[in-house]
Amino acid sequence: MRSGTVLFENENHLCVVFSDLVPGEDGVQANQFLVVDHGQAALIDPGGDLLYTPLWLAITGYAQLQDIRWILTSHQDPDVVGAVGRWLANTPSQVVCSRLWGRFVPHNVSNYQQGELGEDRYCMISDGGGKVPLGRSFMYALPGHFMHSVGNFCFYDPVSRILFSGDIGSSLIPNSEKYQFVSDFEKHLTRMVGFHRRYMTSNRVLKLWVSMVRQLNPSMIVPQHGLPMKGEQMNAFLSWLYDLECGVDLLRPEHYSLDVLKAAGMPV
Ligand SMILES: [Fe+2]
Ligand SMILES: [Fe+2]
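Residues numbered from 1 in each chain as written. Chains lettered and ligands numbered in written order. Predicted model: local features only at pLDDT ≥ 70, side-chain atom pairs only at ≥ 80, totals over all residues.

### With respect to the overall build of the protein chain
- A tally of regular secondary structure across the protein chain gives 8 helices and 12 strands.
- If one aligns the C-alpha atoms of the protein chain with their principal axes, the spans along those axes are about 60 × 50 × 40 Å.
- Considering only contacts in the protein chain between residues 6 or more positions apart, those separated by 24 or more positions represent 65%. (Helix = DSSP H or I, 4+ residues; strand = E, 2+ residues; numbered from the N terminus. Contact = placed C-beta atoms within 7 Å.)

Written out as structure tokens, the structure is:
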């Protein structure tokens, strides 16, 4: 039986999300994505060692390891790139990442530069974004810098018009929760607000990103954690994000104090 939830499917193109592969509740719930066009496959944010075997088993319902052309990574966190060494070792793929993280990602790759695992397996994207061919289509990397990573990308699939937004738009849900579109944004907000206020760098960058996404007008926004959004709920999310105070906007002098030394009786 096929696992995962199909987000888009036609004769030659497929987008699937795997939302329930993180076991128990210790690891944060995370979604991994498979996009296939004319038999060629890309994995988006496939995660760390925890997920390598479950994800490998899950994708076999849709694609074979030798079909995987790209490992698309939105940023450098362990829940995104932790197992990239195993994907590179066991598939013919190249990893797509921000140029900023290109020399950090090999820290996850044992035997880097031995045999087939060297620099020709890395496709580094500059700040303005880029595209990689997939089947008879392309996947586009669009800027999402400082949301939260300094070198951060979202991935856009022009066939399904899905925006795979990485951590942007993420919500914290239990690993066991059913994967479905957000139906009541006001209610859903409580599961997003803490994360976005802390992890997004500043309102300035939120406004820039929201303006870009409104021009793009995607069919849905699908984050790496939690539930996807489309239609009215997606528009409500963009409006909320546009006005959110977050990150450095919220910092005050008292957030940078020597209280911990004072409490320990240290002379300051
Ligand atoms: Fe992250
Ligand atoms: Fe994440």
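### Some points on the sheet that holds strand S5 (residues 68–72)
- Ordered by their spatial adjacency, 7 strands build an open sheet running S1-S2-S3-S4-S5-S6-S7, and the pairing between neighbours is mixed. Each of the sheet's edge strands pairs with one partner strand only, and the pair in question is strand S1 (5–9) and strand S7 (122–125). Taken pair by pair, the neighbouring strands of this sheet meet at an average axis angle of 20°, ignoring direction.
- Alignment of S1 against strand S2 (residues 13–18), held across 4 bridges, turns out to be antiparallel. (Pairing = 2+ DSSP bridges. Axes fitted to C-alpha atoms, helices over the stretch in contact; angles between N-to-C directions.)

### A word on helix H6 (residues 203–216)
- The end-to-end C-alpha distance of H6, which contains 14 residues, comes to 20 Å, matching closely the 20 Å that a straight helix rising 1.5 Å per residue would cover.
- Every buried residue of H6 is listed here: Leu206, Trp209 and Val213. The buried residues of H6 occupy an angular sector of 75° when the element is viewed end-on, so they sit on one face. Among the exposed residues of H6, those pointing more than 90 degrees away from its buried face are Arg204, Ser211 and Gln215. (Expected span 1.5 Å × (residues − 1). Buried ≥ 20, exposed ≤ 12 C-beta atoms within 10 Å, placed from the backbone. Arc of directions from axis to C-beta.)

Scope: geometric values only; no functional claims are made or implied.
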